[in-house]
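Reading the structure
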Amino acid sequence: MRLVKCWFCSSTIYPGHGIQFVRNDAKIFRFCRSKCHKNFKMKRNPRKVKWTKAYRAAHGKDMTQDKTFDFEKKRNRPERYDRNVTEDTLKAIKKIDKIRSSREAQHINKRLKPNKQKIFKSEVKEIDQNINLIKAPGSYQQDSEKTKVLVSTNKSVQNEAMEE
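Residues numbered from 1 in each chain as written. Predicted model: local features only at pLDDT ≥ 70, side-chain atom pairs only at ≥ 80, totals over all residues. Heavy atoms only, no water.

1. Structural notes on the environment of Asp25
For the record, the criterion: Strands here mean DSSP runs of E at least two residues long; helices mean DSSP runs of H or I at least four residues long; both are numbered from the N terminus. Think of it in three bands: residues with accessible area under 20% of the maximum for their type are buried, residues over 50% are exposed, and the middle band is partly exposed, with areas taken using a 1.4 Å probe on protein chains only. A 3.5 Å cut-off defines polar contacts: any pair of N or O atoms within that distance qualifies, except that in protein one atom must be a possible hydrogen donor and the other a possible acceptor, and neighbouring residues in sequence count only when both atoms are side-chain atoms.
Assignment of secondary structure puts Asp25 in the loop between strand E3 (19-22) and strand E4 (28-31). Asp25 sits in the exposed class, given a relative accessible area of 51%. A polar side-chain atom of Asp25 sits 3.1 Å from a polar atom in the side chain of Arg23.

Structure (structure tokens):
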């Protein structure tokens, strides 16, 4: 089963799916859906369309350089079937997939970290500016006039009689 990539959005195209366009110079363009085909016909650049993988890679949204991507490269050399090698390969694929997903999660957290601090600072600033919406106007005076009140811990005889 041959899986090919969409020329426009870089998603995988399974057999029997998608559209194929052959230019006059015999260059073949494969598209996963009509959305990609229409954007190609409108001569849009995939690096400028936000939902494509090319855009995400060009603007630092996705990981582009990682050792785990080397395993996905297409190899044209035929290999003789060996059950043990196939079993080891399938185990390795699962491990590589776990590694890749954890690295992608780290990449996303690293990318979003500066924005979290910026959001926190803006929220604190907004609270400082609009504190009158949170606190009642009379509470400002009470805050400045706070006094400590001593409460005795001794139980009186009357309280004990009432409790019984």
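From this point, the discussion proceeds with the structure in view.
2. Describing the nonpolar core
Convention followed: Nine residue types can take part in a nonpolar core, namely buried Ala, Val, Leu, Ile, Met, Phe, Trp, Tyr and Cys, and a core is a set of them joined through side-chain atoms within 4.5 Å. Note on contacts: a residue pair qualifies if any of its non-hydrogen atoms lie within 4.5 Å across the two residues.
In terms of nonpolar packing, the biggest core is built from ten residues, these being Cys6, Phe8, Cys9, Ile13, Phe29, Phe31, Cys32, Cys36, Phe40 and Val49. If we ignore the near neighbours within four places in the chain, the residues touching Cys6 are Ser11, Ile13, Arg30, Phe31, Cys32 and Cys36.

3. Points about the state of the cysteines
Applied cut-off: In plain terms, two cysteine sulfur atoms within 2.5 Å form what is called a disulfide here.
In total, this model carries zero disulfides according to the counting rule given. Here Cys9 stays unpaired: no disulfide links it, and the sulfur of Cys32, its closest cysteine neighbor, is 3.5 Å away. Among the cysteines around Cys36, which has no disulfide bond, Cys32 carries the closest sulfur, lying 3.5 Å off.

4. What about the packing of aromatic side chains?
Each aromatic ring pair is specified by the distance between its two centres and by the angle formed by the two planes. Applied cut-off: Pairs were defined over the aromatic rings of Phe, Tyr and Trp, the Trp ring being its six-membered one, requiring ring centres within 6.5 Å. Orientation was assigned from the angle between planes: stacked under 30 degrees, edge-to-face over 60, tilted for the rest. Whether a charge lies above a ring is judged from NZ of Lys or CZ of Arg, which has to be within 6 Å of the ring centre and within 35 degrees of the ring normal.
All told, the structure shown has seven aromatic pairs when counted by the stated rule. With 5.1 Å between their ring centres and 80° between their planes, Trp7 and Phe40 make a pair best called edge-to-face. Residue Trp7 is found in the loop between strand E1 (4-5) and strand E2 (12-13), and its partner Phe40 is found in helix H1 (residues 34-41); the two are separated by 33 residues along the sequence. One residue, Lys27, lies across the ring of Phe29, its end atom 4.9 Å from the ring centre. The ring of Trp51 carries the charged tip of Lys35 above its face, separated from the ring centre by 4.0 Å.

5. Section: the UniProt feature "domain: TRASH" (unreviewed entry) in the protein chain
Put simply, the rule is: UniProt positions are given in the numbering used here, feature names are shortened, and annotations may be inferred rather than shown by experiment.
The positions that UniProt labels "domain: TRASH" (unreviewed entry) are, in the present scheme, residues 6-44. For residues 6-44, helix accounts for 21% and strand for 26%, while the C-alpha atoms at its two ends are 15 Å apart.

6. What to know about the pattern of salt bridges
Note the cut-off: Salt bridges are defined by distance alone: a side-chain nitrogen of Lys or Arg within 4 Å of a carboxyl oxygen of Asp or Glu.
In total, this model carries three salt bridges according to the counting rule given. When the shortest N-O distance is used, the salt bridge between Glu79 and Arg77 registers 3.3 Å. Considered together, Glu79 and Arg77 belong to a single accessibility category, that of exposed residues. Lys91 serves as the salt-bridge partner of Glu87, at 3.9 Å between the closest nitrogen and oxygen. Here Glu87 pairs with Lys91, and both are found in helix H3 (residues 83-129), just four residues apart, close to one helical turn.

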